Amino acid sequence: MQENNSFEDVQCRNDALLQLFQSDLVNEKDQSIDIDIKGAKFYVDTYLQNKRLSVEEGIDYINDCFGKYVVNQCWWSTPVLIRRVSKSVGKFYHSMLRHHIITMREYSSVQDTVEHCVDSWIEDLFRKSK
């Protein structure tokens, strides 16, 4: 967590950024808006809040979120949901890039993590269920 900010400040800012993302989606005509909002909300309100991380800090924890937390702590984990929620997190961070909250380098890191790790997260889920 950022040293100068209290957990409540970080949580408030994370909530505001989630609202910003939601307002971005309202203006789109995508059929998956509800799913994307729920996926991003899970990531921000559950994972980041539990770890006491800011949105920016969360970039370095996406692999932990899906590779450990979702696989081991979330009873609803399925391959389809892991793919869908990780895609929603990617859309969330794309919104943060568009609003200059994160840099292109940080966004590229998000994209690379999701693209290169999603199959291993799903494999971990299958291993866990055996």
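In this text the structure is predicted, and so the values were computed from the model without any measurement. (Residues numbered from 1 in each chain as written. Predicted model: local features only at pLDDT ≥ 70, side-chain atom pairs only at ≥ 80, totals over all residues. Heavy atoms only, no water.)

Turning next to the overall build of the protein chain. Summing up its helical and strand segments, the protein chain has six helices and zero strands in all. The order of α-helices and β-strands along the protein chain, N terminus first, is α-α-α-α-α-α. Its C-alpha atoms give the protein chain a radius of gyration of 14 Å, within 12% of the compact-globule value 14 Å for 130 residues. In terms of its C-alpha atoms, the protein chain occupies a principal-axis envelope of roughly 40 × 40 × 25 Å. Counting every position in the protein chain, which comprises 130 residues, the buried fraction comes to 45%. For the protein chain, the share of sequence-separated contacts (at least 6 apart) that also reach a separation of at least 24 residues comes to 66%. A total accessible area of about 7,500 Å² is found for the protein chain, and carbon and sulfur atoms account for 50% of it. Mean positive and mean negative side-chain charge positions of the protein chain (16 and 20 charges, respectively) differ by 6 Å. (Helix = DSSP H or I, 4+ residues; strand = E, 2+ residues; numbered from the N terminus. Rg over C-alpha atoms; globule rule 2.2 N^0.38 Å. Buried < 20%, exposed > 50% of the residue type's maximum accessible area, 1.4 Å probe, protein only. Contact = heavy atoms within 4.5 Å. Areas by Shrake-Rupley, 256 points an atom, 1.4 Å probe, with all protein chains shown as cover. Lys, Arg positive; Asp, Glu negative; His and termini not counted. Charge placed at Lys NZ, Arg CZ, Asp CG, Glu CD.)

Taken as a whole and assessed by the stated rule, the structure comprises ten salt bridges. Of the charged contacts, one joins Asp34 and Lys38 as a salt bridge, the two residues approaching to 3.2 Å between their closest N and O atoms. Of this pair, Asp34 and Lys38 both sit in helix H2 (residues 33–51), separated by four residues, roughly a single helical turn. Judged by its relative accessible area of 54%, Lys38 falls in the exposed class. Salt bridges linked by common partners bring Asp36, Arg84 and Lys91 together as one network. (Salt bridge = Lys/Arg side-chain N within 4 Å of Asp/Glu carboxyl O.)

Turning to the packing of aromatic side chains, a few remarks are in order. With the rule as written, the count across this model stands at eight aromatic pairs. With 5.5 Å between their ring centres and 85 degrees between their planes, Phe21 and Phe92 make a pair best called edge-to-face. Here Phe21, found in helix H1 (residues 7–26), pairs with Phe92, found in helix H5 (residues 79–98); they are 71 residues apart in sequence, far enough to count as distant. Accessibility classification places Phe21 together with Phe92 in one group, the buried group. Judged by centre distance (5.9 Å) and plane angle (70 degrees), the ring pair of Tyr43 and Tyr93 falls under edge-to-face. (Phe/Tyr/Trp six-rings, centres within 6.5 Å; stacked < 30°, edge-to-face > 60°.)

Another point: unusual backbone geometry. A positive phi angle is found at Arg52, which is not glycine, with a value near 60 degrees. Checked against the element boundaries, Arg52 lands in the loop between H2 and helix H3 (55–58). Of note in the backbone geometry, His100 takes a positive phi value of approximately 65 degrees without being a glycine. Structurally, His100 can be placed in the loop between H5 and helix H6 (104–129).

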